[in-house]
Amino acid sequence: MGLAEFPGFDDVMRLRLNAAVDRLCNEFEGVHDRPAISRVVEESAQRLSTRGVTPFVHILAERFARERLQAQGQSEGRIAKEQPAVVFVSLTGGGRAQIGAALLARKAGDAVTIHSAGSDAGADIDENVRVAMEEIDVDLGEAFTKPLTLEVLASADVIVTMGRSVGAFEIPATVRHVDWRVGDPAGADLDEVRRVREDIERRVDALVGELLSAV
């Protein structure tokens, strides 16, 4: 199904998504051709619109597509991979995965490529997760929930699953898998979210030490 057939994508949205394809074609010239980039943008927009098309879906779809295209290029050896890549996976991608990704980004900076995703993504980021992270000066204002994709999984060096409730998905044999049994902040009160945040932060500290010592 192309953009023209996707319900809810009006002419203005299609123009915006086509503009996103243009920008990504410039960024990935010589790596991905236009039809491949267009397919990734279309699929990204569709997967981010499962609960209805929003006025900003083209912005999120472009960011999501860029992440996927970069990961695919790296996994296929067409883009140099200069940092280890870590993927945090929770059920919706709006709680534990966002906390882990944000904390690792703050502690590791540009030394690590970081992704977050949900095996059943669809919900927004939990409001108490946003509040708990703001308490430690981490702004999730630009963050959004993303579904799992094969490109991102294939390019990972480490996949961190946040407990058994993340659902079933295939982890590439070449990727290190770590399972963190942490509480689920979805719908929890703020004190419980803080406890989960602190638990994840301790684990992130240990992971940072491992990743940076191996660089």
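The rules behind the values
Residues numbered from 1 in each chain as written. Predicted model: local features only at pLDDT ≥ 70, side-chain atom pairs only at ≥ 80, totals over all residues. Heavy atoms only, no water. Buried < 20%, exposed > 50% of the residue type's maximum accessible area, 1.4 Å probe, protein only. Helix = DSSP H or I, 4+ residues; strand = E, 2+ residues; numbered from the N terminus. Arc of directions from axis to C-beta. Polar contact = N/O pair within 3.5 Å; in protein donor to acceptor, adjacent residues only side chain to side chain. 1 Å grid on protein atoms, 1.4 Å probe; cavity = no way out; pocket = protein on both sides within 12 Å on 5 of 7 lines; lining within 4 Å. Points joined across faces, edges and corners; volume = space filled by probe spheres on them. Nonpolar A, V, L, I, M, F, W, Y, C, P; charged D, E, K, R; others polar. Pairing = 2+ DSSP bridges. Contact = heavy atoms within 4.5 Å. Phe/Tyr/Trp six-rings, centres within 6.5 Å; stacked < 30°, edge-to-face > 60°. Lys NZ or Arg CZ within 6 Å of the ring centre and 35° of its normal.

1. Some words on helix α5 (residues 127-134)
All buried positions along α5 are accounted for by V129, A132 and M133. Projected down its long axis, α5 carries its buried residues within an arc of 95°, all on one side. Measuring from the backbone nitrogen of N128 back to the side-chain oxygen at the start of α5 gives 3.0 Å, which picks out D126 as the cap.

2. A few points about the layout of surface pockets
Think of a ball as big as a water molecule: rolled over the atoms, this probe shows where empty space is left. Here the largest pocket defines a volume of roughly 590 Å³. Of all the secondary structure elements, the ones that give two or more residues to the lining of the largest pocket are α3 (57-75), α4 (96-108) and β2 (113-118). For the lining of the largest pocket, the element with the highest residue contribution is α3, accounting for 6 residues. For the lining of the largest pocket, the per-class residue count stands at 9 nonpolar, 8 polar and 6 charged.

3. With respect to the pairing of strand β3 (residues 158-161)
Because side chains alternate across β3, one face comprises the buried residues V158 and V160, and the other comprises I159 and T161, equally buried. Across 4 bridges, the pairing between strand β1 (residues 85-90) and β3 is parallel. Following the sheet pairing, V89 is matched in β3 by T161. Here β3 runs beside strand β4 (residues 176-179); their pairing, made up of 4 bridges, is parallel. Among the inter-strand pairings, V158 is bridged to a residue of β4, identified as R176.

4. Quick look at the environment of S44
On the secondary structure map, S44 appears in helix α2 (residues 34-47). Residues S44 and E62 lie 18 residues apart in sequence; the distance between their C-alpha atoms is 7.9 Å. Beyond its immediate stretch of four places on either side in the chain, S44 contacts A61, F64, A65 and R68.

5. Notes on unusual backbone geometry
Positive phi values are uncommon outside glycine, yet D137 reaches one of about 65°. Residue classification places D137 among the exposed residues on the basis of a relative accessible area of 72%.

6. Focus: the packing of aromatic side chains
Given two aromatic rings, one states the distance between the centres and the angle between the planes to describe the pair. For the structure on display, the rule yields 1 aromatic pair. Directly above the aromatic system of F64 lies the positively charged group of R68, at a separation of 5.4 Å from the ring centroid. Over the aromatic face of F144 sits the side chain of K146, whose NZ or CZ is 5.3 Å from the ring centroid.

7. A short note on the side chain of K146
Within the fold, K146 resides in the loop between α5 and α6 (150-155). For K146, the residues in contact, after removing those within four places along its chain, are F64, E67, S116, A117, G118 and A121.

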